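# Report on the structure
Residues per chain, in single letters:
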Amino acid sequence: MFANCIDRFRALFLSILLLSCFVLPAMAGPFEDSVAKFANDEFSDTEDAVGEIASSGNPLASPIISALQDGRLSADPDSKKVFITQPDGKIIDAATGAAVDKLPDNAAAVRLNNRLRRTVDAAVGGLTLMSSDPAKRLSAAQSVLKSHEESMLPTVDSALAKETNKSTRQALAEGRAAIILFKSDASDSDKLDAVAVIKARGDQEALALLTSLDAGQPPLVAKAAASAISSIQSNLALWSTVQNAWYGLSLGSVLLLAAIGLAITFGVMGVINMAHGEMVMLGAYTTFAVQEVIRTSYPGLFDYSLLIALPLAFLVAGGIGVLIERSIIRFLYGRPLETLLATWGLSLVLQQAVRTLFGPTNREVGNPSWMSGAFEVGQITITYNRLWIFCFTLAVFAILLAMLRYTALGLEMRAVTQNRRMAASMGIATSRVDALTFGLGSGIAGIAGVALSQIDNVSPNLGQSYIIDSFMVVVFGGVGNLWGTLVGAFTLGIANKFLEPVAGAVLGKIAILVLIILFIQKRPRGLFALKGRAVEA
Amino acid sequence: MLTQLTHDIATVTRRRALAATAGLVMGLAASSSFSPAQAADDTIKVGILHSLSGTMAISESTLKDTVLFMIDEQNKKGGVMGKKLEAVVVDPASNWPLFAEKARELITKDKVAVVFGCWTSVSRKSVLPVFKELNNILFYPVQYEGEESERNVFYTGAAPNQQAIPAVDYLMKDEKVKRWVLAGTDYVYPRTTNKILEAYLKSKGVAQEDIMINYTPFGHSDWQTIVADIKKFGSAGKKTAVVSTINGDANVPFYKELGNQGIKAKDIPVVAFSVGEEELAGIDAKPLVGHLAAWNYFESIKTPANEKFIKEWQAYTKNPKRTTNDPMEATYIGFNLWVKAVEKVKSTDPDKVIDALPGIETANLTGGTAKVLPNHHITKPVYIGEIKANGQFDVVWKTPAEVAGDAWSKELPDSKDLVGDWVGKKCGNYNTKTSKCLGSGS
């Protein structure tokens, strides 16, 4: 912010200079004149400059436009000089290509708005079709499809003739088809071929191209386009079902992650723990604290911040869980109403404590690079953060299950929860097991917080948005059964996501709630009810 | 999902609401208003009615600090009419009924001359009867859905015609948008604003099938389906934009999902009415570069008044990173208007001040003038800003002059004939067709 202040003063200074500077210095040639337009700090001038430079054929055109795209182009409004900061940090004069030692003090980055960004992208597409970097060629070829400028056709044709990379060839062919589709004087057979190419692409962008085709097409082409549209649409409808299923799984995994700790404290121990959401929140704040330390001291470790935060969040939330159990809950076993009120009060205390400590506003938890972005499978987009959370949830679930099944602590936990007096007479220290079980449930809520910090706000209210959903999952799935929680979470997630497009997000949630209430009427113990005498006790 | 039900019952909220009981417990815990035991007679008391705990604390506690800061500055200048100002802070704890209780306490027990407060529309509606009954003044600093003009309230935030409509105009003219997604959180502000926008878009010749309206619950965090829907809606070959009235908290996951699914501002821009510097402070803004927000103030606007305000604010809060935002400017304007009115009539008597306020002018932070109108709204400039990578906004467009706030929207058939005029007609909802005042109970 301090640097920001300086920036602001500098910019103020700049605008004063700009006002006082009415006379343009004389320029050498048209290219130099065009470049100097960047220094005017007017969007319309910048747009003119991009157009003129892109068509100038000057070898500096490509570096200038791509620098503009990346925000590396700066201009000095005083001297009307424009500079490129190259990726390696060297600075050159944009008009002449001559090296410059350093940027003038009052040079500021050339500003862009959305319209300009599109113009710049199209210009970059035209300039980098012949680039030696295959990735650049591919993105240039893809931008042809979007802009489908008629003037690009010769460039695209010559690029297509030279291109060897398969996916770039494909993109170029599709771009070429898009141009021909919109070219008024293209022959019918060319247009029919173009429609076929676009149809084969079959995604939403293809659909957009075909539907935006104007009415004045020859009847044959119009017919082909219409049939292509309907075939793409039915294909997309199929994919949207797959997409809903994936979104459902993803939502289910978030629900499961939030609920799995509760499945231990409420499901296995029978403690109605209203402060469960706050354990999730503490985990998220632990992630924030870890990232803060990493940002200030070890910036290189940022991509590993979540891995570092996981054990810490488990310890923090688990430790507080043990503390809560020892100081409050152990006096309240068998008194569900008191437990409910006490833990609820506790949740408010924890919230306000965090609010006092970290402030009421949201805290920024960054996404490591491996959790940002998305990839396409067929016609659906899968975002990495959701995918990782899905995998992470399953891993946590498997580890927890294994722990309960194969470790001594797990055995003791099951023994105590199934028949406390019998377990005690077998020599198990039940109160120690109680504390550890509660700590385990809280700790798992803490690591859920690490994952949820990636998709939700990190604020003192984070936990509240999950507590009711978590209880619903556990009750629906069947109290005391981890598998029930798993099936319950995924069922609710998928049902929610299939309802949402039909009923809307608000009605969808209400519908789910009503369905659960009806279901509980029919099966009060949830999907997977525990059987046996222990349950009745 | 249960919380959702409570929200739906208490729909009339401005931001994410809590189960009211939670607030009540907090209210009991935190009702320690730090009003001094004995107030000297040579001070003027100013009430501050902003939530300091509960869900709304995220937005409202900043405004509490703003009023305290303004009072501090005013006292340095010698106070008002030679008397020092004294702040009385209460915490209504994001609990709507508690707002009314605390307002009553401020006016009857602490005898404040004026109250600065409220954020959500429901909190404003809940204190209205108290202000009417006890005849005091409320300055309300947040953009809201309009359709209201009360004698005891001065609205220094934007009415829909000072934010939503200019933003849509900008997208239509500059970005050539033909297809519209109106996405909002499910409560009164987005619903009214979207009703106004829908009527406005249709009057501009936009077809029904080119408008998609979508509501989501408070604190919605799974945006996958909706973002995919927006993507699908946007691929009909016409330029598409999203007009977002999604409430503050739900915005972070919404923008994250947009970024992750690769929707760039240059393809489908999102213009938001509730995303400011404060909200962006909680997210990595790089994927959002180019998305838009419409406000009457941005921290990045360079005027001497704004530079001075930010510098003094950061010095006052001892935090060189503290951001400023639009409701803060509205609070600043409201405070200065009140001071001017009091100095004009040489009295803090609410009746005199209310009558004096219309017509009073004060400089805003962006180089213009805020003038109180007879309908108790003010004139405001409208700015469209693009999100920059550092979480600040770059102003790309602004209205040529200040826009006068309409208490009653001209786009809605029910309210197009109504005007608020507390100067000539002494009426908040005067029907110009029938020349009748509808009176209270609207």
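Residues numbered from 1 in each chain as written. Chains lettered and ligands numbered in written order. Predicted model: local features only at pLDDT ≥ 70, side-chain atom pairs only at ≥ 80, totals over all residues.

### What to know about the overall build of chain B
Within chain B, the regular secondary structure consists of 13 helices and 19 strands. Taking all 442 residues of chain B together, 60% fall into the buried category. The contacts in chain B between residues at least 6 apart in sequence include a share of 70% that link residues at least 24 apart. (Helix = DSSP H or I, 4+ residues; strand = E, 2+ residues; numbered from the N terminus. Buried ≥ 20, exposed ≤ 12 C-beta atoms within 10 Å, placed from the backbone. Contact = placed C-beta atoms within 7 Å.)

### Looking at the overall build of chain A
Within chain A, the regular secondary structure consists of 22 helices and seven strands. Its C-alpha atoms give chain A principal-axis dimensions of about 95 × 60 × 40 Å. Counting only residues that meet the buried cut, chain A has 46% of its 537 residues in that class. Of the contacts formed within chain A by residues at least 6 apart in sequence, a portion of 69% connects residues at least 24 apart.

### Focus on the nonpolar core
Of all hydrophobic cores here, the largest spans 136 residues; its most connected members are B:Val46 and B:Val271. Grouped together as the second largest cluster of nonpolar side chains are 81 residues, A:Ala448, A:Ile467, A:Leu486 and A:Ala489 included. (Core = buried A, V, L, I, M, F, W, Y, C linked by C-beta atoms within 7 Å.)

### Quick look at unusual backbone geometry
For residues that are not glycine, phi is negative in most cases, and the peptide bond is trans in most cases. For B:Met81, which is not glycine, the phi dihedral falls at a positive 50°. For B:Met81, the location among the structural elements is in the loop between helix H3 (57–76) and strand S2 (84–90).

### Some thoughts on the packing of helix H12 (residues 276–297) of chain A against helix H18 (residues 430–452) of chain A
All names here are of chain A. At their nearest, the axes of H12 and H18 sit 6 Å apart, and the two run at 50° to each other. Considering their axes alone, H12 and H18 lie oblique with respect to each other. As for the relative orientation of H12 and H18, their crossing is right-handed in sense. Packed against H12, whose contacting residues are His276, Met279, Val280, Met281, Leu282, Gly283, Ala284, Thr286 and Thr287, the element H18 presents Ser442, Ala445, Gly446, Ile447, Ala448, Gly449, Val450 and Leu452 at the interface. When grouped by side-chain class, the residues that make up the contact of H12 with H18 number 10 nonpolar, seven polar and no charged. (Axes fitted to C-alpha atoms, helices over the stretch in contact; angles between N-to-C directions. Parallel < 35°, antiparallel > 145°, perpendicular 65-115°, else oblique. Left-handed = near helix turned anticlockwise from the far one by under 90°. Nonpolar A, V, L, I, M, F, W, Y, C, P; charged D, E, K, R; others polar.)

### Observations regarding the interface of chain B and chain A
Between chain B and chain A, the contact holds 58 residues from the first and 62 residues from the second. Listed by contribution, the elements that provide at least two residues to the side of chain B that touches chain A are helix H1 (2–9), helix H2 (20–30), H3, strand S7 (211–216), helix H8 (224–233), helix H9 (248–260) and strand S15 (393–398) of chain B. It is H8(B) that contributes the most residues to the side of chain B that touches chain A, seven residues altogether. Its residues assigned to classes, the side of chain B that touches chain A shows 21 nonpolar, 19 polar and 18 charged.

### Examining the sheet that holds strand S1 (residues 73–76) of chain A
All names here are of chain A. Spatially, S4-S3-S2-S1-S5 is the arrangement adopted by the five strands of the open sheet, whose pairing is antiparallel. At either end of the open sheet lies a strand with only one pairing partner, and these are strand S4 (99–100) and strand S5 (108–109). Pairing geometry for S1 and strand S2 (residues 81–85), over four bridges, is antiparallel. Its bridge partner lying in S2, Asp76 is registered against Lys81. (Pairing = 2+ DSSP bridges.)

### Re the environment of A:Asn106
Here A:Asn106 shows up in the loop between S4 and S5. The spacing of A:Asn106 and A:Pro77 is 29 residues in sequence and 7.7 Å in space, taken between C-alpha atoms.

### Concerning helix H14 (residues 336–358) of chain A
All names here are of chain A. For H14, which comprises 23 residues, the first-to-last C-alpha distance of 32 Å matches the rise-based estimate of 33 Å (1.5 Å per residue) to within 8%. Those residues of H14 not exposed but buried are Thr339, Ala342, Thr343, Ser347, Leu348, Leu350, Gln351, Val354 and Arg355. Two residues or fewer after H14 comes Gly359, characterised by a positive phi angle close to 90°. (Expected span 1.5 Å × (residues − 1).)

### A short note on the sheet that holds strand S4 (residues 138–140) of chain B
All names here are of chain B. Strand order in the open sheet made by the five strands is S2-S1-S3-S4-S5, with parallel pairing throughout. Each end of this open sheet is capped by a strand with a single partner; those strands are S2 and strand S5 (153–155). The sheet shows a mean angle of 25° between the axes of neighbouring strands, taken without regard to direction. Pairing of S4 with S5 involves three bridges; the strand directions are parallel. Each residue of the ladder has a partner; that of Phe139, found in S5, is Phe154. Against the sheet, H3 contacts strand S1 (43–49), S2 and strand S3 (114–117), and its axis sits at roughly 165° relative to S2.

### Comments concerning the pairing of S3(B)
All names here are of chain B. Along S3, one buried face is formed by Val114 and Phe116 and the opposite face, lined by Val115 and Gly117, is buried too. With four bridges connecting them, S1 and S3 associate as parallel partners. Residue pairing for S3: Leu49 is matched across the bridge by Gly117. In terms of strand pairing, S3 meets S4 through two bridges, oriented parallel. Bridging from a neighbouring strand, Phe116 pairs with Phe139 of S4. Where the polypeptide runs from S3 across helix H5 (residues 121–134) and back to S4, its parallel neighbour, the crossover connection is right-handed. (Right-handed = clockwise from strand over helix to strand, strands pointing away.)

### Here we look at the packing of helix H11 (residues 219–268) of chain A against helix H19 (residues 464–477) of chain A
Residue and element names in this part refer to chain A. Two elements in contact, H11 and H19, have axes whose closest approach is 8 Å; the angle formed by their N-to-C orientations is 65°. By the angle class used here, H11 and H19 are roughly perpendicular. Note on packing geometry: the crossing formed by H11 with H19 is right-handed. Two secondary-structure elements touch here, H11 through Leu255, Ala258, Ala259, Leu262, Ala263, Phe266 and Gly267 and H19 through Tyr466, Asp469, Ser470, Phe471, Val473 and Val474. Across the contact of H11 with H19, the residue classes break down as 10 nonpolar, two polar and one charged.

### Re the pairing of S2(A)
Residue and element names in this part refer to chain A. In terms of burial, S2 is largely enclosed, as four of its five residues are buried. Between the antiparallel neighbours S1 and S2 lie four residues, among them Lys80 with a positive phi of about 60°. As defined by bridge partners, S2 adjoins strand S3 (residues 91–93) across three bridges and the pair is classed as antiparallel. The residue bridging Phe83 from the neighbouring strand is Asp93, located in S3. The turn linking S2 back onto S3 is made up of five residues, and Gly89 within it adopts a positive phi angle of 95°.

### Things to note about the confidence of the model for chain A
When the pLDDT values of chain A are averaged, the result is 84; 93% of them are 70 or greater. Note that pLDDT drops below 50 for residues 14–27 of chain A; the model gives that stretch 16 contacts with residues more than four away or on any other chain. (pLDDT = per-residue confidence, 0-100.)

### Describing the confidence of the model for chain B
Residue and element names in this part refer to chain B. Residues at a pLDDT of 70 or more form 90% of chain B, whose mean pLDDT is 86. Within chain B, S4 carries the highest mean pLDDT (97), whereas H1 carries the lowest (40). A low-confidence stretch, residues 1–39 stays under pLDDT 50, and its non-local contacts, those more than four residues away or across chains, total 84 contacts. Scored as a whole, the predicted complex attains pTM 0.79, and scored at its interfaces, ipTM 0.76.

### Looking at helix H16 (residues 408–418) of chain A
In an α-helix, one full turn covers 3.6 residues, which means residues spaced three or four apart are oriented alike. Residue and element names in this part refer to chain A. Residues of H16 that are buried include every one of Met413, Val416 and Thr417, and no others. Along the axis of H16, the buried positions cluster into a sector of 90°, meaning they face one direction only. In this structure, the buried side of H16 is in contact with H11, helix H15 (384–406), helix H17 (420–425) and H18. (Arc of directions from axis to C-beta.)

### Brief notes about the environment of B:Phe139
All names here are of chain B. Within the element layout of this structure, Phe139 appears in strand S4. A tally of 24 C-beta atoms within 10 Å means that Phe139 is categorised as buried. Excluding anything up to four places from it in sequence, Phe139 contacts Val114, Phe116, Phe154, Thr156, Gly334 and Trp338.

### What to know about the environment of A:Asp76
Residues and elements named next belong to chain A. Mapped onto the elements, Asp76 comes out in strand S1. Counting along the chain gives 101 residues from Asp76 to Ala177, while the straight-line C-alpha distance between them is 42 Å. If we skip the residues at most four places from it in the chain, Asp76 touches Ala39, Lys81, Pro104, Asn106 and Ala107.

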